[in-house]
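Structural overview for review
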Amino acid sequence: MNMAYDERLAHFRQTRLNPFDRGEEEDGLHEGKTPPQHESRPELFSGTRTHSSDRTMDLGLAEDHFSRPGSFVASDIEQLKRAIEECKKLILELPEHSERQKDTVVKLIHLRLKLQELKDPEEDEPNLRTLLEHRFSKEKSKSVKQTCDKCSTIIWGLIQTWYTCTGCYYRCHSKCMNLIIKPCVRSKVSHQSAYELSICPEIGLDRQDYRCAECRTPISLRGVPSEARQCDYTGQYYCSTCHWNDTAIVPARVIHNWEFEPRKVCRSSMRYLALMMSRPVLRLKEINPLLFNFVEELVEIRKLRQDILLMKPYFITCKEAMEARLLLQLQDRQHFVENDDMYSLQDLIDISSGRLSCSLTEIHTTFAKHIKLDCDRCQAKGFVCELCKEGDILFPFDSHTSVCYDCSAVFHRDCYYDNSTTCPRCARMTDRKQDDESDVKDA
C-alpha cells in the first residue's frame, strides 16, 4: 500500500475533515453548516449518475485540475463545497484501504485544489513582506514539505501560501505572519557578532518566572502546562514551540573542552549559530591559549597560515599570480590571508575532522610551487644566507629558515642561531643611516 496515501488517510481520519489543515473555516465546518438534505450524493464510481451529480463533480474532477479557472461564478464555488462535503462523507463510509477509498481521497484533494484556484488567494498576497526586521519572500515551491516556525504545523505548499525570511530562513504560513513575535536573527548577527563563551550558563526557571525565555508561555519541568526544554547554548528554558530539540555544535564546548558533540538548542539559537558558523570571531590565543598545547592540529594549521601570510606579498606584486587568481583559492576563508589568529567555528570543526589540514596543505603546496619553481619574477625575490653565503635561494616560508625580526632578511636557521653577531643587513642599514646623517651635518 502506498505510504503517502496511508499518511493522508490517517490524517483525514484524525481530523474527520480532509488531508490538509487549512480550509475548515472556508467549508463552514466551524459554523455548524451541513450540506442541504435535498441534494443527492454523487455516486463517484457508479455508471449511472443524475444530472445534478455530474455537474457537481465535473467542477472539480475535470482532466486539468490545476488550470486557471476562466468563467466560474459564486454558484460554482458553492457546488464545489457541496462536492467536497460528499467526498468527505464517502471516504468515511468506504472500506478502509480499498481502491475506491484511495481514489476518493485523491479526488477530494483535486476538489480542494480547484476550490483554491477559484478563490485565487495568491493574487492578494504580496511577494515581499517586512516584519520585525524579517524580510519575507513568498515561496513558489509546491512540493517541498516544510514546517511552520510559528504554529509548528505542516505547510502544505499545494494549497497554502507561505513565506521564508531571506535573512534567517524563518518559515511560516501567510496566516501566521501577524502572530510572529521573534525578530530576525540576522539583525543580531549584524549588530552583535560574538558567541556566548560560557558553557550552558543556566540561571534557573525561577529567574525566568517559570515562563519561556522567548514567548513567555508558562512552562515547568513537569510538563504542566507546557514542557520546559533547556537550550545548551543560552542555558535558558523554552517551550516546545520555541524549542524543537534541534541539535547544534556549541562554540563554548569546542573552545574550552575541544568537544564537538551536538547539543539540544532552541530554534533561535540554532539559526544564530548557523549564521555565525563561518564568521571568524574566535581569537583562540586570547580565549584559551592552552588549547595549542593539547591539539597538535591547531599548531599545524597556525604554521600553514603564517606561511601563507608570508607568501601573500609575492602574489600581490606578481602579474602572473594575479592573472591566475591564486589567492582566490582561499576565498571561502578570506581571513586566512588577513591574519593568523582568528578562527571561525567552521574552521575548528574542519580542523577536528582533518578536512582543513588536507585542503590547506594542498593550497600551501600550490603557492610555494609558483614562487619557487614556476615564476622567475618571484624567484628573483628570494634571499641568500649572508652568514654562510652557501646553499640555495631561501624564502621566508621555508621550514629550515629564520627571518630577522627587524629587517625581514632570511637566513639558514642553524646559521642564524649559531652566529653571535648582529644581522649583516641590519648592520649595513645602520651604517648607511649614520653616513646619511653625517652628510647632512657637513652640508
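Residues numbered from 1 in each chain as written. Predicted model: local features only at pLDDT ≥ 70, side-chain atom pairs only at ≥ 80, totals over all residues. Heavy atoms only, no water.

- Within an unreviewed UniProt entry, the label attached to the protein chain reads Differentially expressed in FDCP 8 homolog, and the organism entered is Labrus bergylta.
- The UniProt entry for the protein chain carries the following comment under Function (unreviewed entry): "Positively regulates lysosome peripheral distribution and ruffled border formation in osteoclasts. Involved in bone resorption."
- Of the protein chain, the UniProt comment under Sequence similarities (unreviewed entry) reads exactly: "Belongs to the DEF8 family." (UniProt positions renumbered as here; feature names shortened; annotations may be inferred.)

1. Thoughts on the packing of helix α11 (residues 296-316) against helix α14 (residues 355-374)
- Here α11 crosses α14 at 30°, and the two axes come no closer than 10 Å. With respect to each other, α11 and α14 are oriented roughly parallel. Along this stretch, α11 crosses α14, giving a crossing that reads as left-handed. Contact residues: α11 offers E300, I301, L304, R305, D307, I308, M311, Y314 and F315, while α14 offers L356, S357, L360, T361, H364, F367, A368, H370 and I371.
- A per-class count over the contact of α11 with α14 returns eleven nonpolar, four polar and three charged. (Axes fitted to C-alpha atoms, helices over the stretch in contact; angles between N-to-C directions. Helix = DSSP H or I, 4+ residues; strand = E, 2+ residues; numbered from the N terminus. Parallel < 35°, antiparallel > 145°, perpendicular 65-115°, else oblique. Left-handed = near helix turned anticlockwise from the far one by under 90°. Contact = heavy atoms within 4.5 Å. Nonpolar A, V, L, I, M, F, W, Y, C, P; charged D, E, K, R; others polar.)

2. Things to note about the pairing of strand β1 (residues 128-131)
- Inspection of the sheet shows β1 paired to strand β2 (residues 134-138) by four bridges, in the antiparallel sense. Residue pairing for β2: L131 is matched across the bridge by H134.
- Between β1 and β2, which pair antiparallel in sequence order, lie two residues; one of them, L132, sits at a positive phi of approximately 50°. (Pairing = 2+ DSSP bridges.)

3. Re the side chain of K182
- Tracing the backbone through its elements, the reader meets K182 in the loop between β6 (171-173) and α6 (185-191).
- For K182, a relative accessible area of 12% puts it in the buried group.
- For K182, the side chain forms a polar contact with the side chain of E214, separated by 3.2 Å.
- Ignoring anything within four residues of it in the chain, the contact list for K182 reads L132, H134, D149, Y170, E214, T241 and C242. (Buried < 20%, exposed > 50% of the residue type's maximum accessible area, 1.4 Å probe, protein only. Polar contact = N/O pair within 3.5 Å; in protein donor to acceptor, adjacent residues only side chain to side chain.)

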